[in-house]
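# Fold and contact review
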Amino acid sequence: MWEKLILPALGTSRLSDVTHDDIATLHRRITLERGTPIRANRVVEVLRKAFNLAIRWNWVSENPASGIARNPEEKREFYLTPQDLARLFAALEGHKEVASANAIRLLALTGARKSEVLRATWDQFDLDKGVWIKPSAHTKQRKVHRVPLSETALALLQSMRDTVKGRYLFPGKIDGQPLSDLKRTWETVCINAGLAKQTQRRDRAGKPRFNKDGSPKLEWKATVRIHDLRHSFASLLVSGGASLPVIGAMLGHTQVQTTQRYAHLYDDSLREAADEVSAQIGSAMRKSPPTKGSP
């Protein structure tokens, strides 16, 4: 966002010269010209954070990114089916980026956040007891989160333990640092798993790009996000009969409202329960003749 959107628009201005209108104009342009209203909101969030730091460092006295009217957002939650996940795991087999592929496997098997997995160190795991103890510094809630691991997750970790060197489960290319991103591997795997679609390529300004013959330049884009693995993990817990408190404990939620977003997944089972009650009442009504004097 800095390189493609913020710096081209504001990079030549002094911090103290950037105004509320400058940022509002940038937000509007990203929304309308690029057609990416959610990205426009994220750009404002990045700028607001940056200017808050500038205020802390006494570089400026006011935050011009405050008070920008945001575009409305609807929470997007996509759930991969067991069949989707099977194709995803099949696409991970033999992938040349072994660390990235294993990180995606662990995300799917634990429902953990990407940052928790990529920053995970071996001392957080008790493979004998089958437990992952996430330190408070790595969790969104800033609380220690103890997670039991499935047999499949344990088998993955045990196979990695024999080959991975260093303190991180997923070491990066820089010595002593963890893997920083999974984007490239995720895109490739999703394409091979049939979880991607072709869209028109755009330049840095958001304008569509075309080939010399006038046809649109196309590129493959994943139709699911890495974070959707977390939602899918919760969905599969529901289908397995887990309660909302259990789901909240597995995902590390500290507030019931956060887990409540998965309540609608119980609709089918609740409907089945209601149908069972209705059937029993109907059966009882058929067996019991009406009492004398009843209409």
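Throughout what follows, the structure given in this document is the object of discussion. Worth saying up front: this structure is predicted, and the values here are computed from it rather than measured.

Our focus in this paragraph is the nonpolar core. Grouped together as the largest cluster of nonpolar side chains are 50 residues, with contacts concentrated most on Leu88, Leu157, Leu169 and Leu229. Mapped onto this core, the elements with two or more residues apiece are α4 (82-92), α5 (98-110), α6 (114-118), α7 (151-161), α8 (183-192), α9 (228-239) and α10 (244-251). With seven residues, α5 is the largest single contributor of residues to this core. Apart from the residues within four sequence positions on either side, Leu157 is in contact with Leu106, Trp122, Phe125, Leu127, Leu149 and Leu169. Residues Leu10, Val18, Leu26 and Val60 belong to the second largest nonpolar core, which totals 17 residues.

Our focus in this paragraph is the packing of aromatic side chains. Tallied over the entire structure, the rule returns three aromatic pairs. Between Phe125 and Trp132, the ring centres sit 4.9 Å apart and the planes meet at 20 degrees, which makes this aromatic pair stacked. The burial state of Phe125 is the same as that of Trp132; both residues are buried. Joined through ring pairs, the aromatic side chains of Trp122, Phe125 and Trp132 make up one cluster. The positively charged end of Lys134 is found above the aromatic ring belonging to Trp132, 4.7 Å away from the centroid. Looking at Arg161, its charged tip hangs above the ring of Trp122, at a distance of 4.4 Å from the centre.

All right, on to the packing of α4 against α8 then. At a minimum axis separation of 8 Å, α4 and α8 run at an interaxial angle of 120 degrees. Our classification of the angle between α4 and α8 gives oblique. Pair α4 / α8 crosses with right-handed handedness. Across from Leu88, Ala91 and Leu92 in α4, the residues of α8 making contact are Trp186, Val189 and Asn192. Residue classes in the contact of α4 with α8 are distributed as five nonpolar, one polar and no charged.

This part covers the pattern of salt bridges. The tally for this structure, following the rule as stated, stands at 10 salt bridges. Notably, a salt bridge pairs Glu116 with Arg113, separated by 3.1 Å at the nearest N-O pair. Look at the salt bridges and you will find they share partners, linking Arg42, Glu45, Arg70 and Glu73 into a network.

Conventions used here
- Residues numbered from 1 in each chain as written.
- Predicted model: local features only at pLDDT ≥ 70, side-chain atom pairs only at ≥ 80, totals over all residues.
- Heavy atoms only, no water.
- Core = buried A, V, L, I, M, F, W, Y, C linked by side-chain atoms within 4.5 Å.
- Buried < 20%, exposed > 50% of the residue type's maximum accessible area, 1.4 Å probe, protein only.
- Helix = DSSP H or I, 4+ residues; strand = E, 2+ residues; numbered from the N terminus.
- Contact = heavy atoms within 4.5 Å.
- Phe/Tyr/Trp six-rings, centres within 6.5 Å; stacked < 30°, edge-to-face > 60°.
- Lys NZ or Arg CZ within 6 Å of the ring centre and 35° of its normal.
- Axes fitted to C-alpha atoms, helices over the stretch in contact; angles between N-to-C directions.
- Parallel < 35°, antiparallel > 145°, perpendicular 65-115°, else oblique.
- Left-handed = near helix turned anticlockwise from the far one by under 90°.
- Nonpolar A, V, L, I, M, F, W, Y, C, P; charged D, E, K, R; others polar.
- Salt bridge = Lys/Arg side-chain N within 4 Å of Asp/Glu carboxyl O.

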